[in-house]
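Overview (structure and organization)
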Amino acid sequence: RRGARVAAHVGHSTTASEAVSLGVDCLEHIRIGHELLTDDQRKELESLPKRKHDALISFRPWQFIDPDSARIDTILEQFTNAQVRLVPTLTLSQSVLLSRINPEVRRPPGIDTMHEAVIRRWEESDFAVDYSDADLACAEELFSKQLDFVRRAHEAGIRIIAGTDVPNPYILP
């Protein structure tokens, strides 16, 4: 109400769409998803085995989302009308989704400049530590869908802002 810009981490208890409706100006991360699912898809999502870090970061809704769907058109229109900025932190998505299937993600350029304690912490806090074979099998597709979503957001005129979310695993400042 006072005109201050608000950035928020959303997607846990408040969806991105709800946050924008409440006046959030900038969405951190690409935790968009639950609001794009049908009731049946939400039930299927809830039936999946829980993983250690799902409450913090889960990209599972993306297995049900078509980035070229009318549901995406609707949310992008909402974001555009509200002049929302998006900080997708795709490097975090890449780290979580691909670190267990692409060794290069675990060894990003410049890793040799990082202190050993940081690298040890990354190994200990790996967000995908308990991903199943089924989770890993669809990881590249989920990341690709997120890239498509960000492309569509950019094409819709939504400002995309770079962000890394350091010090999460395998992400260099």
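That block above? That's the structure.
Residues numbered from 1 in each chain as written. Predicted model: local features only at pLDDT ≥ 70, side-chain atom pairs only at ≥ 80, totals over all residues. Heavy atoms only, no water.

Quick look at empty space enclosed by the protein
Counted only if it meets this: For cavity detection a 1 Å grid was placed over the protein atoms alone, and a set of points counts as a cavity when a 1.4 Å probe fits there but cannot get out; an open set counts as a pocket when protein lies on both sides within 12 Å along at least five of seven lines, with lining residues being those that have an atom within 4 Å of a point. Grid points are joined across faces, edges and corners, and a volume is the space filled by probe spheres set on the points. Classification convention: Asp, Glu, Lys, Arg as charged; Ala, Val, Leu, Ile, Met, Phe, Trp, Tyr, Cys, Pro as nonpolar; all other residues, Gly among them, as polar.
Applying the stated rule across the entire model yields 1 cavity of 30 Å³ or more. Its volume calculated, the largest cavity comes out at about 40 Å³. Taken together, R51, F59, R60, L97, Y131, D135, C138 and L142 make up the lining of the largest cavity. Across the lining of the largest cavity, the residue classes break down as 5 nonpolar, no polar and 3 charged.

Some details on the packing of helix α3 (residues 70–81) against helix α8 (residues 139–155)
Inclusion rule: Axes, fitted as lines to C-alpha atoms, cover a helix only where it is in contact. Angles between the N-to-C directions of the axes lie from 0 to 180 degrees. In DSSP terms, a helix is any run of H or I states spanning at least four residues, a strand is any run of E spanning at least two, and both are numbered starting from the N terminus. Our angle categories are set so that under 35 degrees counts as roughly parallel, over 145 as roughly antiparallel, 65 to 115 as roughly perpendicular, and the remainder as oblique. Crossing handedness follows the turn of the near helix against the far one: under a right angle anticlockwise gives a left-handed crossing, and clockwise gives a right-handed one. Contacts were defined at the residue level, with two residues in contact if any of their heavy atoms lie within 4.5 Å.
One way to put it is that α3 packs onto α8 with a least axis distance of 10 Å and a crossing angle of 45 degrees. It follows that α3 is oblique to α8 by the angle criterion. Crossing geometry of α3 relative to α8 is assigned as right-handed. Across the interface between the two elements, I72, D73, I75, L76 and F79 from α3 touch F149, R152 and A153 from α8.

Considering the packing of aromatic side chains
The geometry of an aromatic ring pair comes down to the distance between the two centres and the angle between the two planes. Here is the rule: Aromatic rings from Phe, Tyr and Trp, taking only the six-membered ring of Trp, are treated as a pair when their centres fall within 6.5 Å; an angle between ring planes under 30 degrees marks them as stacked, one over 60 as edge-to-face, and anything in between as tilted. Burial classes follow relative accessibility: with a 1.4 Å probe on protein chains only, a residue under 20% of its type's maximum area counts as buried, one over 50% as exposed, and anything between as partly exposed. Only Lys NZ and Arg CZ are tested; either one counts as a charge over a ring when it is within 6 Å of the ring centre and within 35 degrees of the ring normal.
The tally for this structure, following the rule as stated, stands at 2 aromatic pairs. Plain terms: the ring middles of W62 and F149 are 5.6 Å apart, the flat faces sit at 65 degrees to each other, and that makes the pair edge-to-face. Highlighted residues: W62 in the loop between α2 (39–47) and α3 and F149 in helix α8, separated in sequence by 87 residues. A residue is classified by how much of its surface remains accessible, and F149, at 0% relative accessible area, is buried. Geometry around Y131 places R51 over its ring, the cationic atom sitting 4.0 Å from the centre.

Thoughts on the sheet that holds strand β2 (residues 26–28)
Condition: Strands are labelled as partners when DSSP assigns at least two bridges between them.
Judged by pairing direction, the sheet is parallel, and its 4 strands sit side by side in the order β1-β2-β3-β4 without closing on themselves. Because the sheet does not close on itself, it has two edges, and the strands there are β1 (7–9) and β4 (159–160). When β2 meets strand β3 (residues 85–87), the two strands line up parallel, connected through 3 bridges. For L27, the partnering residue across the bridge sits in β3 and is L86.

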